[in-house]
Amino acid sequence: MKRKYKLFIGNLITYLIVIAAFVICQSMIKNGEMSRSMRGQMVPICCYVVMAVSLNLTVGISGELSLGHAGFMSIGAFTGITASAWLLARFNIDDKIIRLLLSLVVGGAFAGFAGFLIGIPVLRLRGDYLAIVTLAFGEIIRNILNCLYVSLDGPSLNIAFNSADIPGKMLIKGPTGATGNPKLATFAVGFGLVLFTLFVVLNLKNSRAGRAIMAGRDNRIAAESMGISVTKYKMIAFVTSAVLAGMAGALYGANFSSFAASKFKFDTSILILVFVVLGGIGSIRGSVIAAIVLTLLPELLREFDDYRMLVYAVVLIVMMLLTNSPFVKSIVQRITGIFKKTEKEDGANV
């Protein structure tokens, strides 16, 4: 009972942090207190929060190192904008929010299917081999998208590789990527996607399947000896992570009129992994905070001009040192110990 109470309080704090951040940002936008460049960062921040939390499901909870998470994001982005254009042409759905939500579902479904296919051989590997294969997957997807041409001819979709000679309005133009797309993404939908992601990941983590996933992470041999199918539960975590990354990609694509596959290269996967590591591997709340802070930081440092990325790198190093410092950890333990002691004394007085 005590464990359930702690889980409830921890999850509640995570939700309250996200809700408070949304309310503050919405208030600033409404009152005109937020700059135009900062407003443009709101939807990408939501996307990166979802990406960080979903990757933490694979890296922190499942214990598998994935270096190709941006590949799932790119699948969601390109299938999302294609689905949105097709829904408008085929079913004449004028409501932008409905089209956006449906494109999120399509992007997540395609990314989840890709995660299932890649997970069949990959999750049987261990250690560095898994990281290498997922890295290769991300690069393969990016190169495939660089060769992909998609056009919309009335309600019909035309797809070709390495050939722009297809009829209709071009949606995806190979290396140029997707251009001329309507901007459908909104901060409110991004906030909703973040809450949905937290709901899925936190409930999975605290469920029976989540405990099986973490058992396989801690000791694979012991888990298998107890009858737990480690590969099956790792597949659940991997596919769920891919679906959420695909939905984040669809939202990201709907926020820009044009973007190319080069946006989702290896650097993006490493950036998301940095969010997870700095926020704390296995800590969902830490991933949320790290994604928000490190996405906003370059924007806040624009006044330093040429030195802002240097300052950004220094801040990353300092944060890494602090989060891994025994001194800082001892201070945190002392503070938490004081609160626990206070709670026990209050309980005794009652």
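Since this is a predicted model, take the numbers as computed values, not measurements.

Novice: Just checking my understanding: could you explain helix α7 (residues 187-205) for this structure?
Specialist: Each full turn of the α-helix corresponds to 3.6 residues, which orients residues three or four apart in the same direction. With 19 residues, α7 extends 27 Å from end C-alpha to end C-alpha; this agrees with the ideal 27 Å at 1.5 Å per step. Considering only its buried residues, α7 is in contact with α1 (2-30), α3 (42-61), α5 (96-122), α8 (208-218), α10 (230-253) and α12 (284-300).

Novice: Is there a simple way to think about helix α6 (residues 128-146) in this case?
Specialist: With 19 residues, α6 should reach 27 Å at 1.5 Å per residue; the first-to-last C-alpha distance of 27 Å fits that figure. Among all positions in α6, only L130, A131, T134, F137, G138, I141, R142 and L145 are buried. An end-on view of α6 places all buried positions within 125° of arc, on one side of the element. Facing away from the buried side of α6, by more than 90 degrees, are the exposed residues D128, Y129 and I132. On its buried face, α6 is in contact with α4 (69-91), α5 and β1 (148-153).

Novice: Even after reading the chapter, I still don't get unusual backbone geometry, so can you show me in this structure?
Specialist: What is expected of a backbone is that most residues other than glycine have negative phi and most peptide bonds are trans. The phi torsion at N92 lies on the positive side, around 55°, for a residue other than glycine. Following the sequence through the fold, N92 ends up in the loop between α4 and α5. The residue N162 is not glycine, and still its phi comes out positive at about 60°. Assignment of secondary structure puts N162 in the loop between β2 (156-161) and β3 (169-173).

Novice: Explain the nonpolar core here, please?
Specialist: Buried together is how nonpolar side chains tend to be arranged in soluble globular proteins. In this structure, M42, F72, F78, L198, L251 and F264 are the most contacted members of the largest nonpolar core, which totals 90 residues. Among the elements that line this core, the one with the most residues is α3, at 15 residues.

Novice: Help me out: how do you make sense of the pattern of salt bridges in this one?
Specialist: A pair can form between side chains of opposite charge whenever their charged atoms are brought close. Taken as a whole and judged by the stated rule, the model has four salt bridges. Taking the shortest distance from any N to any O, the salt bridge between E139 and R142 comes out at 2.6 Å. With a gap of three residues between them, E139 and R142 both fall in helix α6, about one helical turn apart.

Novice: Even after reading the chapter, I still don't get a positive patch on the surface, so can you show me in this structure?
Specialist: A cluster of basic residues, R3, K4, R208, R211 and K232, forms a positive patch on the protein surface. Here R3 is to be found in helix α1.

Novice: I would appreciate a short explanation of a nonpolar patch on the surface in the present structure.
Specialist: On the surface, a nonpolar cluster with roughly 920 Å² of combined accessible area is contributed by Y5, F8, I9, L12, I13, L16, I17, I19, V23, I289 and V293. Residue assignment for the nonpolar patch shows that the elements contributing at least two residues are α1 and α12. Looking at the nonpolar patch element by element, the count peaks at nine residues for α1. Position of F8 relative to the elements: it lies in helix α1.

Novice: Whenever I open this one, the pairing of β1 confuses me. Can you help?
Specialist: The side chains of a regular strand alternate between the sheet's two faces. Counted residue by residue, β1 has five buried out of six residues, so it is predominantly covered. Two elements, β1 and β2, share six bridges in a ladder whose sense is antiparallel. Looking at β2, one finds that L148 is bridged to F161. Hairpin remark: β1 followed by β2, antiparallel, with two residues in the connecting loop; positive phi at G154, about 70°. Here β1 runs beside β3; their pairing, made up of four bridges, is antiparallel. Following the sheet pairing, V150 is matched in β3 by I172.

Analysis parameters
- Residues numbered from 1 in each chain as written.
- Predicted model: local features only at pLDDT ≥ 70, side-chain atom pairs only at ≥ 80, totals over all residues.
- Heavy atoms only, no water.
- Helix = DSSP H or I, 4+ residues; strand = E, 2+ residues; numbered from the N terminus.
- Expected span 1.5 Å × (residues − 1).
- Contact = heavy atoms within 4.5 Å.
- Buried < 20%, exposed > 50% of the residue type's maximum accessible area, 1.4 Å probe, protein only.
- Arc of directions from axis to C-beta.
- Core = buried A, V, L, I, M, F, W, Y, C linked by side-chain atoms within 4.5 Å.
- Salt bridge = Lys/Arg side-chain N within 4 Å of Asp/Glu carboxyl O.
- Patch = residues over 30% accessible without salt bridge, like charges linked within 9 Å, V, L, I, M, F, W, Y side chains within 5 Å.
- Areas by Shrake-Rupley, 256 points an atom, 1.4 Å probe, with all protein chains shown as cover.
- Lys, Arg positive; Asp, Glu negative; His and termini not counted.
- Charge placed at Lys NZ, Arg CZ, Asp CG, Glu CD.
- Pairing = 2+ DSSP bridges.

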